[in-house]
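Residue-level listing of the chains:
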Amino acid sequence: MRIGVLTGGGDCPGLNAVIRSVTRRAIVTYNWDVLGIQNGWSGLIKGHVEPLSLYSVSGILHRGGTILGTSRTNPKDNRDDWSKLQHHLKKYSIDAIVAVGGEDTLSVALQLHQDGMKVVGVPKTIDNDIKGTDYTFGFNTAVSIVTEAIDRLHTTAESHHRIMVVEVMGRHSGWIAVHAGIAGGADAILIPEVPFDIKDLCKQLKKRHEHKRFSIVVVSEGTVPKGGNVILQSEKKDAFGHVRLGGVGRIVADEIEERTGIETRLTVLGHTQRGGSPTAYDRILATRFGVRAVDAVKKGDFGKMVALRSENIITIKLEEAVLENKVVDMDLYEIAELFFG
Ligand code: F6P
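Residues numbered from 1 in each chain as written. Predicted model: local features only at pLDDT ≥ 70, side-chain atom pairs only at ≥ 80, totals over all residues. Heavy atoms only, no water.

Under an unreviewed UniProt entry, the name given to the protein is Pyrophosphate--fructose 6-phosphate 1-phosphotransferase, and the source organism is candidate division LCP-89 bacterium B3_LCP. The annotation that UniProt attaches to the protein under Catalytic activity (unreviewed entry) is "beta-D-fructose 6-phosphate + diphosphate = beta-D-fructose 1,6-bisphosphate + phosphate + H(+)". Its UniProt record, at the heading Sequence similarities (unreviewed entry), says of the protein: "Belongs to the phosphofructokinase type A (PFKA) family. Mixed-substrate PFK group III subfamily." (UniProt positions renumbered as here; feature names shortened; annotations may be inferred.)

What follows concerns helix H8 (residues 248-260). Between its first and last C-alpha atoms H8 spans 18 Å; for 13 residues at 1.5 Å apiece the expected length is 18 Å, and the two agree. Where H8 terminates, the next one or two residues include Gly 261, which has phi positive at roughly 75 degrees. (Helix = DSSP H or I, 4+ residues; strand = E, 2+ residues; numbered from the N terminus. Expected span 1.5 Å × (residues − 1).)

A few words on the pairing of strand S1 (residues 2-7). Judged by how many residues are buried, S1 sits mostly within the fold: five of six residues are covered. Two elements, S1 and strand S2 (residues 33-37), share four bridges in a ladder whose sense is parallel. If you follow Gly 4 over to S2, its bridge partner there is Leu 35. Taking the sense of rotation as the criterion, the β-α-β connection linking S1, helix H1 (residues 15-29) and S2 turns out right-handed. As paired strands, S1 and strand S4 (residues 96-101) are joined by five bridges and run parallel to one another. Across the sheet, residue Gly 4 finds its bridge partner in S4, namely Ile 97. (Buried < 20%, exposed > 50% of the residue type's maximum accessible area, 1.4 Å probe, protein only. Pairing = 2+ DSSP bridges. Right-handed = clockwise from strand over helix to strand, strands pointing away.)

Surrounding the ligand, one finds Arg 72, Ile 126, Asp 127, Met 169, Gly 170, Arg 171, Glu 221, His 271 and Arg 274. In this structure, Arg 72 approaches the ligand through a side-chain N or O atom, which is 2.8 Å from an oxygen atom. In the environment of the ligand, an oxygen atom lies 2.7 Å from a nitrogen or oxygen atom belonging to the side chain of His 271. Relative to its unbound accessible surface of 400 Å², the ligand loses 82% to contact with the protein. Residues from two domains meet in the shell around the ligand; each of domain 1 (2-137 + 278-322) and domain 2 (139-274) gives at least three. (Near = heavy atom within 4 Å. Polar contact = N/O pair within 3.5 Å; in protein donor to acceptor, adjacent residues only side chain to side chain. Areas by Shrake-Rupley, 256 points an atom, 1.4 Å probe, with all protein chains shown as cover. Domains from an automatic or database assignment.)

The grouping of Ile 182, Ile 335, Leu 338 and Phe 339 at the surface amounts to a nonpolar patch, some 420 Å² of accessible area in total. Position of Leu 338 among the secondary structure elements: in the segment after helix H11 (330-337). (Patch = residues over 30% accessible without salt bridge, like charges linked within 9 Å, V, L, I, M, F, W, Y side chains within 5 Å. Salt bridge = Lys/Arg side-chain N within 4 Å of Asp/Glu carboxyl O.)

For the rest of this paragraph, the subject is the sheet that holds strand S7 (residues 188-190). If you trace the four strands from one edge of the open sheet to the other, you get S7-S8-S6-S11, paired in parallel fashion. Here the strands that pair on one side only, and so sit at the sheet edges, are S7 and strand S11 (264-268). Averaged over all adjacent pairs, the angle separating strand axes in this sheet is 20 degrees, with direction ignored. With three bridges connecting them, S7 and strand S8 (residues 215-220) associate as parallel partners. By the bridge assignment, Ile 189 is partnered in S8 with Val 218. Of the strands in this sheet, strand S6 (163-168), S7, S8 and S11 touch H8, which is tilted by about 165 degrees from S6. (Axes fitted to C-alpha atoms, helices over the stretch in contact; angles between N-to-C directions. Contact = heavy atoms within 4.5 Å.)

With that settled, consider the packing of aromatic side chains. A complete count under the given rule lists five aromatic pairs for this structure. Ring-pair connections join several aromatic residues into one group, and the members of that group are Tyr 135, Phe 139 and Tyr 281. We note Arg 208 situated over the ring of Phe 214; from NZ or CZ to the ring centre the distance is 5.1 Å. Note that Lys 326 overlies the ring of Trp 175, its terminal NZ or CZ placed 5.2 Å from the centroid. (Phe/Tyr/Trp six-rings, centres within 6.5 Å; stacked < 30°, edge-to-face > 60°. Lys NZ or Arg CZ within 6 Å of the ring centre and 35° of its normal.)

Set out below in structure tokens:
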């Protein structure tokens, strides 16, 4: 048996931990061959593959990024790419694929499965927006990075009596904002799931400043003003039709300063949220996902994605995972709200 492993979409901490555990499980437990496919689906279209050994995956557990490289290549709507991909699967005698990615990468995996290929998916994204799994790896690291940033912003906000606005990633789900906002003690958290009213926000901040002289406002990049539209960094779409989000933090910070008269500063955390070393939690989750993905191949449990449910790793249908994004649990947001103002 020969399996191929690839990482697609935006990178995130923990990808190397999955590559390592997939390789180790396949070689040590099942005596299979493992091929690393470079740069996501692009590697299968171009035939860029390399054998992985216990040696080549040693020493990578703690490293961020992905040793295989990644890309947002979408072969689904391009017949030529699709046939090149099929050709390379045959050429390199790849019997099954472990595809590590978010909803886009997993939607290609689903199409391959529907075409008769043996595929198992592993969910990754710092955004934690994949349906069917309690958590994706990468999320815990991103939340830790944002929480640390909020802690640091707190001390400077307090010294200068300012309002600090922090823009965080997450696409159309506010998971990073809510988790890091609760952990960092944010005074307001704006998320895509709850359109915001700038007047109400400023009223709330002014009231707070009657007794406190600083505030932290966390803004998720996909946040929408009431009755308005999502703010784009660029209208240019990627291969999966996604526009680039970002910029809402600037608008919110400027409006706050203008309306409250309180000095306000913006910090955009950007890609620092998905760079660097994974937390222990993400290393463990990624390792468990990798091992169970290879076990799913062994069992013939194809067209599935490994997922965390409570304390267990289960498999669910890829269809279920890519159907729609997982949005923030409003019970959790209600807890966050208790500390606003
Ligand atoms: O999906 C992960 C993510 O980091 C989002 O939170 C963000 O909007 C997007 O990727 C940015 O991607 P890139 O800059 O790599 O195109």
